[in-house]
Amino acid sequence: MSTNNSFSGIIDHYASRLPVSEAMKPVSLGEGGTPLIKLRNIPRLVGKDIELYVKYEGLNPTGSFKDRGMTLAVTKAVEEGSEAIICASTGNTSAAAAAYAARAGITAFVLIPEGKIALGKLAQTLMYGAVVIQIRGNFDDGMRLVKEVAGKAPVTIVNSINPYRIEGQKTAAFEIVDQLGGAPDFHCLPVGNAGNITAYWKGYSEYASESQGHPSVTSSCPIMVGYQAAGSAPFVIGGMVDHPETVATAIRIGHPQSWDLAWLAQKESGGWFDKVEDDEILRVQKMLAENEGVFCEPASAASLAGALHDIESGKIPEESSIVCTLTGNGLKDPDTAIKQCHIQPVTIEPELDAVKRAILDRL
Ligand code: AN7
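Everything in this summary refers to the structure shown in the same document. Keep in mind it's a predicted model, so treat the numbers as computed, not measured. (Residues numbered from 1 in each chain as written. Predicted model: local features only at pLDDT ≥ 70, side-chain atom pairs only at ≥ 80, totals over all residues. Heavy atoms only, no water.)

### Some words on the sheet that holds strand β1 (residues 36-38)
With mixed pairing, 6 strands are arranged side by side in an open sheet as β1-β2-β10-β7-β8-β9. A strand with exactly one partner marks an edge of an open sheet, and here the two such strands are β1 and β9 (272-276). Direction aside, the axes of adjacent strands within the sheet are offset by 25° on average. Note: strand β8 (residues 223-229) against β9, 5 bridges, orientation parallel. Counterpart to Ala-229 in the pairing with β9 is Val-276. Most of the contacts of helix α13 (residues 298-313) go to strand β10 (residues 321-326), to which it runs at about 155°, and overall it touches β2 (51-56), β7 (186-190), β8, β9 and β10. (Pairing = 2+ DSSP bridges. Helix = DSSP H or I, 4+ residues; strand = E, 2+ residues; numbered from the N terminus. Axes fitted to C-alpha atoms, helices over the stretch in contact; angles between N-to-C directions. Contact = heavy atoms within 4.5 Å.)

Written as structure tokens, this is what we have:
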């Protein structure tokens, strides 16, 4: 789904800032280089003087931000001689793992919670030819099993506990600073395992420390804000959740893997975690599509839904610049999208009069 053909992938583009060698052969699908879209209509609708941007990660090759980390994790796995990778996933990691494994000519094993991943993600993962293992349990069960099995079999884990995933994903923060000419005041993200908020914080921090002593580059760090679905909100509750639930299946995670690092990002940046109800997530997903022409999946809308709530309350003050990461493409989850569209298509006979009536009825 990438739109930027001149961008040759994050390893080539950011080699000097990544743990890579000259000799390395990137396993790439041209990930990264995603648009940062300034919202025009929503700030007006909410009546606030804010600069609000979305980083549209749904335009990566497999339709989510996971590609940034997966290109590096799979490149390294291949370099180290691995012939198979494994992950637990709520859907997007499995799609990315499957695609990059296909590209590298190695095998991907993915553990997914039965019946709880969006249709598009399942379709992708099967098409790319991964070995799909559905478990009668949730993501957290899958993650526990992956860790256990990886100790006993010759497979490389490519969940975000693999440090190369975080290294690859930090490049999104570099892009935002380059696109805006500096860091935003606030950066809002949906949080599941908390790998991504950890990665962004690493990216912003590295860029900011590099620009010290270079007066021409003004880069500081944003305040990091993480939003969770109300039924899967361990960072808000302050402890693990054993039976997470949410319509945003991508972030249906109760035992986050990057627990300590995410708290560090929150503390160091002066940010916070909050939760968003499912109906609010869906309302904002539709609002964004309808008013800006940007279609993201439900989990991604949690970032904007949370931000709008905090803008409304004044916790995020007027005149702030805010970036919300839209982590995945709306096409990933067609079932949830169609279910919430109250205006369904009309069906008519293939005749001019019938078309005219259908149009006039709606003007
Ligand atoms: C669209 O695919 O964990 O806080 O297994 O797919 O870094 O976990 C997905 C996570 C946000 C949360 N938005 O990111 C998986 C998986 C979307 C996602 C998250 C995910 P993290």
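### Details of empty space enclosed by the protein
Tallied over the entire structure, the rule returns 1 cavity of 30 Å³ or more. There is about 340 Å³ of room inside the largest cavity. Those elements that provide at least two residues to the lining of the largest cavity are α4 (92-104), α7 (163-169), α9 (195-211) and α13. Ranked by residues supplied to the lining of the largest cavity, first place goes to α9 with 3 residues. Of the domains in this structure, domain 1 (10-64 + 165-339) and domain 2 (66-161) are the two that each give at least three residues to the lining of the largest cavity. (1 Å grid on protein atoms, 1.4 Å probe; cavity = no way out; pocket = protein on both sides within 12 Å on 5 of 7 lines; lining within 4 Å. Points joined across faces, edges and corners; volume = space filled by probe spheres on them. Domains from an automatic or database assignment.)

### Some remarks on the packing of α4 against helix α5 (residues 119-127)
It is at 8 Å that the axes of α4 and α5 come closest, and there the two elements cross at 20°. By the criterion of interaxial angle, the relationship of α4 to α5 is roughly parallel. Where α4 crosses over α5, the handedness of that crossing is left-handed. Taken together, the residues of α5 that come into contact with α4 (itself represented by Asn-92, Ser-94, Ala-95 and Ala-98) are Lys-121, Gln-124 and Thr-125. The residue inventory of the contact of α4 with α5, partitioned by class, reads 2 nonpolar, 4 polar and 1 charged. (Parallel < 35°, antiparallel > 145°, perpendicular 65-115°, else oblique. Left-handed = near helix turned anticlockwise from the far one by under 90°. Nonpolar A, V, L, I, M, F, W, Y, C, P; charged D, E, K, R; others polar.)

### Things to note about the pairing of strand β3 (residues 84-88)
Burial analysis of β3 places 5 of its 5 residues in the buried class, which makes it a mostly covered element. Here β3 shows no split at all, with Ala-84, Ile-86 and Ala-88 on one side and Ile-85 and Cys-87 on the other all buried. Sheet topology note: the β3/strand β4 (residues 107-113) ladder contains 5 bridges and is parallel. Note on β4: the bridge partner recorded for Cys-87 is Val-110. Traced from β3 through α4 to β4, the parallel crossover comes out right-handed. Pairing analysis gives 2 bridges linking β3 to strand β6 (residues 156-157), with the strands arranged parallel. Among the inter-strand pairings, Ile-86 is bridged to a residue of β6, identified as Ile-157. (Buried < 20%, exposed > 50% of the residue type's maximum accessible area, 1.4 Å probe, protein only. Right-handed = clockwise from strand over helix to strand, strands pointing away.)

### Focus: the pattern of salt bridges
All told, the structure shown has 15 salt bridges when counted by the stated rule. Where Asp-141 meets Arg-144, a salt bridge forms, and the shortest distance between an N and an O atom there is 3.5 Å. With Asp-141 and Arg-144 both in helix α6 (residues 139-150) and 3 residues apart, this pair spans about one turn of that helix. The closest approach of N and O atoms between Glu-290 and Lys-286, which form a salt bridge, is 2.5 Å. With Glu-290 and Lys-286 both in helix α12 (residues 278-292) and 4 residues apart, the pair spans about one turn of that helix. A network of salt bridges, in which partner residues are shared, links Lys-55, Glu-57, Arg-68 and Glu-175. (Salt bridge = Lys/Arg side-chain N within 4 Å of Asp/Glu carboxyl O.)

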